[in-house]
Structure formats: structure tokens, C-alpha cells
Amino acid sequence: MEGRFPGRILPYALLFPSIAVIAVFLLVPAVEALRLSFFEVSPFTGRGTFVGLANFRELVRSDIYRGSLSVTLLFAVGVVALGLAGSLAVAVLASLRLPGFGVYRTVLLWPYALSPAVAGTIWALLFDPSTGPVTVLLRAVTGLSPNWMMNGTYALAVTVVAATWKMLGFNIVFFLAGLQAVPQELREAAQVDGAGAVRVFWRITFPILSPVTFFLFVMNSLYAFFEVFGLIDVMTQGGPGGATEILVYRLYQDAFIAARWGIASAQSILLFVMVGALTLLQFRLAGRRVVYA
Amino acid sequence: MEAFSRRWTALAVAVGVLLIGMPAQAKTEIHFWHAMTGQLGTSLEAQAKQFNESQGEYEVKPLRKGNYAQTLTAAIAAYRQKNPPHIVQVFEVGTQTMLMSGAVYPVYDLMKHYEIPVKWNDFIKPVVGYYTKDGKLYSMPYNSSTPIFYYNKDAFKKAGLAPDKPPKTWKDVEAYAKKILAAGAAKCGFSTGWPSWTMVENMHATHDQPFASKNNGFGGVEGVELLVNRAFGQKHIGQLAAWQKDNVYSYGGRGGAADPKFVNGDCAMYVQSSALIGGFTRGVKFDWGTGELPHWGAPYRKATSIIGGATLWVLKGKPEAEYRGVARFLEFLAKPEQQMWWHVNTGYLAISNTAVRNLEQGYHFVRNPKQYTAFAQLTGLPPTPPAAMAGKKAAPAKAERVATANSSGLRLGNFVQIRDVIESEMENIFAGKKSAKQGLDDAVAKSNALLKDFAATYKQ
């Protein structure tokens, strides 16, 4: 274990590329965003007037921003709850040694490999208000023909389902790996003691899965906050009436459509703080209940 | 032997490349960033090509940079990096942003500097007025349109309505829609494209109602506020919401999202940009016609409509010598024959009176009466084209619409965001989540915050 680097420079030289990339693409923009958030910036000249906390004050008071925040929370709760429950259920089924289970496992991973734009297009077509297969089927069976994209509640529900589906493959892979780590003997012992399948699952399998579940809980929360921009842009553009306008999309609108760099930077800082706090909270509260077997 | 010939071939290719490259290097490149796609993009490129072939000094290079918003953002970024395009196409809602940017070489000054005479007075007023500040035209009008009324003649016939008489008032629209629905000729009466532009901005203009204070924003940046939550706005949007319940009206989304509703025959009537005439001519299977925007009648005056579309802005920061080429290109675009060509190929308006007159004398409007609707509505003339008479001058037609301060255009900062806010609130109203008053009040409050924010940015 005493394999040390010859000289002091080499380790730094080896680290340099990664540090340089992080500095150029993460640190510098982050510092710049923090600086801009205290300015009102004129788009063309880039010159700004220092406005102190005015951008943040405006955001906190803004109905649009508060609306967007509550949409984001609803969206995140939906994606995380539906995503974890759904993928755990599918993973349990996929872990059964049914004929052809290798094929199922492979196919289940596919959605994760799709780009958000493609996934969004697929779901937008499925739920198209006049020609979508789901709409047509529903109309044929029930006679109802809901306009998914005009009703805020439906639109949010459809985007939650689409976002969940997109992340399903990722979740299933981790749950499958976790399920394989559950010792067979424990389950058999419980069965011998007379526990039913449900009891075995909740008392043995689920606690052993808890580190994986916690990891996925954090990952899915981050995903719901940061990575669904493409999906929203393709499916609803934040509409109808701002019903699917999550914070990241609001930020994009202000930064890249309206060129309001100051207020957009303030939003990125707020978003960073909120997600940071959320993750910490998750580690504090949920992290304690995790059993690292 | 083989190696020898290969070497010769390489040399020949090198010389050839040099020869091809040489004339291109001698020409000064003029970069032109735009947002046109499909048929419109092809027409734009054809126009640039015509200009390039018409002279030997300058080469206009069109480059599509995405949609309007993306093109503007790209131009802003390029300007800050000190490498802007010479010309950028900006949509009408970005006008105030461009005017306040300090990054613009006003078209009026440019043409004056290079002593290129352009008869600005010959241009249609509502178009030029939208982009004029302190009596100077700041950007070159390029693709302009105005919302008009489209209707399905087959559905009209099926419902026992006269196929050559589009509704003139909103009361007519309601009555016609009910007849059409009763006859089963369509599933909905009418729908709309670009909801804020057609149903809020243009309805205020054509009824001579102010959209915003300070003369619709033309009077300055400081203290401008939206006025769309007044009695007229509430009446019109409230009526749309009520009609939405019995399918007289069917909201179909933003931009062109509702186009399929008209094209596939679901809705018998449609309010959308006049620039869609070309697309509908190719894509619509049934017999259709156009009419002017419906009106609520007294006590409101009947005023001209306002335009939409985009103009070409010349950006500062390029070498002095290259601006002569930019001026030459704009001069080329301003020629009546180019205006006519552009109008016939894209459906956008020809914007000089000479071009319109030439089109008329060529019986263009007699053969394409649909194309005349927008001109009539913008100039206030009667909707039927005066038949062109060789030699004889037709008696001047009496104006049916007045041009007022409220119908000359809108000049608001953060207008892109304001439209987004208005359309969001319209969606809330149509979904029954808010009353018309509540939704419009909220739209005004949110928009006023955006206007205040814009004024603060440019105060300095």
C-alpha cells in the first residue's frame, strides 16, 4: 500500500485536466451567476447596475415564481413517489425467474437510453388531444375525450407520468441489483417460520433494499428538479396557464427567451440553495432509517 | 506512373480550389441571421441569391439561428462577443428591446449615410409606424402580416349560410356558429391562433381601445402599464370563455397549435395570421374564404388592425466599409418588384404602396381576393379589391376603418414575457379556473411588474 507518487508535481499534473474542466464549466459560471444575481443586466452591453437583493426580493414576491415553485414541488413529489413505487414493483416482477426474464430486463432499460426530446415527443403523440392513441382509445371505451394539453391538472399528470417512465429503467437496474443482494437463506428461513410473501417482502427484502431506495430517492429528486427541461419543452412549454412550468423551465424563459440575466441568475442561485437544502434534509431525516447491512 | 498522375491530380485539385475560392474572397460577406423555416426560408434564400447575382461586390450569407427568440438571443451573445451578424431578423415583440439596446445602426441613418434614396412615405403606415421612433425608421420591415378571419365555405353551405358572406360582427359569429353546430357541419364554431396577438392586442386595436398606457408604450418606457383588464377586455375575453362552454369557441393553444382544428374541418371559422393563406391554399381540402376581423359594433369605433411579423435590424460593431453592402441589400429588398415577389411567394404583406398598386394593376388581387383582406384591414379600405382598370383611375374608395393612436402598434419592453403572461391567464380563464376579470387583473399585475423591471434595466 506504500505505492507513492515520485515527486509532488505528478499527482497535481494528473488531476489538472479534471480540475480545469470543473473550473471552466462549473466553478467560473457558478461564481458569475452569483455575481449577476445582484445586478440588473442590460442584455446587449452586459453592463449591469448593482441592485443588491432586489432580484431575490422580486422573485419571492412574484406570483409567477411562487406558482412555478408549487408546480415544481408537486411535480417532484409525483415523479419520486410514482417512480420509486412503480420501479420497485416492476423490479420485483423482473427478478422472478420467469421464462425469458433476460429479455424483459434488457427491454426495461430502454426508456433511460432515450433522449428527453424523443421521450417527450412519444408521450405528446400518445396524448395528442385529437389523434393520440390514448385519447382515441379512451373516447372509444368511455365516450370522454379530455383535452390533455388544455387542462392544467391533466397536463401535469401526463408530464409526471412521462418523466417517471423516462427514469424507470435507471431505477429498475438499481433495484434489481439490490434485490439480487438479498440473501436467499434469510427469505427461506422466514418462509419456514411461516411468513407470507408480503411479510417477507416488507420485513426482509425492503429493509435490505433501503440503501438503494435512499440513493434512488435522492437521484430522482435531483432528476425532477433539474433534468426534465427537455421533456417539458417538447410536451407543454410550461403550459397551459403555467400548469407545468417548473422552476428550470421558468429560468430558461427568463434567461434565454427574455434575456433577463440578473433575475435568471438569482433563480439559479435560489434553485441551487433549495435543492442543496432538500438533499441535506433527506440525508438527515431519511438517511437515519437506512440500514446499511 | 500511377504516383505521378496522382500527384498531378492533386495539384489540379489544389489549383481548382484556389480558383473557385478567389472570387468569393474578393466579395465582402454580409451575415444575415434569420428565423424562417420551410417555404419561407427557401424564399428568403432565393432573395439573397438574387441580390448576390445582381452585383459583384457583396455576398449576403443567410443563416438560420433557430426560432425568433433563439435568433435574438444568439445575436445578443454575438454582439457581446464583438462578432455580431450585420443583419438580424427580430420579431415585432422584440422591438422595444432592440430600440433600447444601443446596439443598433438605425436603417434610416444607414440609408442616409450612403445616400441611398428610399421613399419611406411610400410604405404602408401601420407597418412603418410600428418600427419608427422620433420620426426615424429603425429597422427594415421584412415579413409583416396581420390577423384575418378564415372560414370554411363548405360548412357554411351545409348550415344554409351564404358562402360569400363572412360574419362582420361577433354577434354574427355567434349566430353562424350556432347554425353550423346545429347543422352538424362542424364540431366547433371558431378557434384562434396566437391568442394574445389576435384576441387581445388586435381586438383592442380594431376597437380603438388602448392596450397599454403612455400611448401603447410609444410615449416612453417609464411608468407604462397594461390596460387590458378594462371593460372592453373583460367583455371580449369573458365572451370567449362563455362561448367556450357551448363550442361556439374552442381554444386551441398558442402560436399555430390550433391550425389543425381549421384545416381538418373541426372548427368552421378561424382567426389567424394572413401569412397562412399560402399554407392553407396548399393544405386545406375544402373551399374556404377570408374576411376581416369581426367587430363588436357601437359604441366602439372600427379601427385598423396592427401587424405582426419581423423586421431586419442592422447591428453596430462591423467594419465601416461593410455597411455599404448592408445598405445596398436593404435597398434591394425595398424595391417594389422584390416586395411583390416576396408577397406572392410567402403571403406576407407587400409593404410599399407602389408594390400594392402594381399587384392590383396586375389583377393579382382580382385573382387572389383572399390576399387583399389584410391590405384592406390595415389601410381601412373596403374589403373588396377595386378591379384594376387600365388607364382609368377608379374613384378613391371610402375608408371603412379609422387609423388611431390605439391601432398604430405596441411598444413594450419584455413583450415576449408579457405575451406569455397574457396567454397563461387566458388559458386559466378558458379552463374556468378564473373569471375574466380575475384573470385579466392578474395578467395586468404580472405584466406591470415586467414593464417596471424593463424600465429599471434601461434607466441607468
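Residues numbered from 1 in each chain as written. Chains lettered and ligands numbered in written order. Predicted model: local features only at pLDDT ≥ 70, side-chain atom pairs only at ≥ 80, totals over all residues. Heavy atoms only, no water.

J.: Talk me through the domain arrangement of chain B; I want residue IDs and the actual numbers.
T.: Residue and element names in this part refer to chain B. With domains assigned, chain B is organised as domain 1 (28-145 + 308-355) and domain 2 (147-305 + 413-457). The gap between the C-alpha centroids of domain 1 and domain 2 is 29 Å. With 15 residues of domain 1 at the interface, the matching set in domain 2 holds 13 residues. Contact between domain 1 and domain 2 buries roughly 1200 Å² in total, counting both sides, with carbon and sulfur atoms accounting for 61%. Summed over the three residues of domain 1 that lose the most area to domain 2, namely V93, Q96 and S145, the buried surface amounts to 41% of that side. For the interface between domain 1 and domain 2, the tally reads 1 salt bridge. Among the salt bridges present, the one from R419 reaches E92, with a minimum N-O distance of 2.8 Å. Where domain 1 touches domain 2, the interface holds 2 residue pairs in polar contact (both at pLDDT 80 or more). Where the side of domain 1 that touches domain 2 is concerned, the elements lending two or more residues are α4 (95-101) and α6 (125-130). Residue contributions to the side of domain 1 that touches domain 2 peak at 3 residues, all from α4. For the side of domain 1 that touches domain 2, the residue count by class is 5 nonpolar, 9 polar and 1 charged. (Domains from an automatic or database assignment. Contact = heavy atoms within 4.5 Å. Buried area = accessible area lost by both parts, 1.4 Å probe. Salt bridge = Lys/Arg side-chain N within 4 Å of Asp/Glu carboxyl O. Polar contact = N/O pair within 3.5 Å; in protein donor to acceptor, adjacent residues only side chain to side chain. Helix = DSSP H or I, 4+ residues; strand = E, 2+ residues; numbered from the N terminus. Nonpolar A, V, L, I, M, F, W, Y, C, P; charged D, E, K, R; others polar.)

J.: How would you explain the pattern of salt bridges if you had to name every residue and give the values?
T.: Inspection of every chain in the model, using the stated rule, returns 29 salt bridges over all chains. Residue K49 of chain B is joined to E53 of chain B by a salt bridge in which the shortest nitrogen-to-oxygen separation is 3.9 Å. Taken together, the positions of K49 of chain B and E53 of chain B, both in helix α2 (residues 38-54) and 4 residues apart, correspond to about one turn of that helix. The exposed category is assigned to E53 of chain B, whose relative accessible area is 60%. Note that K187 of chain B is salt-bridged to D266 of chain B, the shortest N-O span being 3.4 Å. With K187 of chain B in the loop between α8 (170-182) and β8 (188-192) and D266 of chain B in the loop between α12 (259-263) and β9 (267-273), this residue pair connects regions lying 79 residues apart in the sequence. One network of salt bridges, in which partners are shared, links E58, E245, R250, D254 and R260 of chain A together with D453 of chain B. (Buried < 20%, exposed > 50% of the residue type's maximum accessible area, 1.4 Å probe, protein only.)

J.: Break down the nonpolar core for me, citing the residues and quoting the values.
T.: Grouped together as the largest cluster of nonpolar side chains are 196 residues, with contacts concentrated most on F75 of chain A together with L110, F211, L226, M269 and L330 of chain B. No other element matches the 12 residues that helix α8 (residues 152-180) of chain A contributes to this core. Shared between two domains, this core holds at least three residues of each, these being domain 1 (28-145 + 308-355) and domain 2 (147-305 + 413-457) of chain B. Apart from residues no more than four positions distant in its own chain, F75 of chain A is found in contact with L156, T159, V160, A163, A224, V228, I232 and I246 of chain A. Listed in part, the 5 residues of the second largest apolar core include V182, A190, A195 and I204 of chain A. (Core = buried A, V, L, I, M, F, W, Y, C linked by side-chain atoms within 4.5 Å.)

J.: How would you summarise the sheet that holds β8 of chain B if you had to cite specific residues and measurements?
T.: Residues and elements named next belong to chain B. One open sheet accounts for 4 strands, arranged β8-β9-β7-β10; its pairing is mixed. In this open sheet, the two strands that pair with only one neighbour each are β8 and β10 (288-291). Going from strand to strand, the sheet's axes swing by 20 degrees on average, the running direction of each strand aside. (Pairing = 2+ DSSP bridges. Axes fitted to C-alpha atoms, helices over the stretch in contact; angles between N-to-C directions.)

J.: Quick one: what's the story with the interface of chain B and chain A, residue by residue and with numbers?
T.: Each side of the interface is counted separately: chain B has 32 residues, and chain A has 28 residues. Note on chain B versus chain A: buried area summed over both sides is about 2400 Å², and carbon and sulfur give 57% of it. The tally of links between chain B and chain A comes to 1 salt bridge. R260 of chain A is the partner of D453 of chain B in a salt bridge, and the nearest nitrogen-oxygen pair spans 2.6 Å. Counting across the interface, chain B meets chain A through 4 residue pairs in polar contact (both at pLDDT 80 or more). Among the elements of the structure, α3 (68-80), α4, α19 (415-430) and α20 (436-459) of chain B are those that each provide at least two residues to the side of chain B that touches chain A. Classifying every residue of the side of chain B that touches chain A gives 14 nonpolar, 12 polar and 6 charged.

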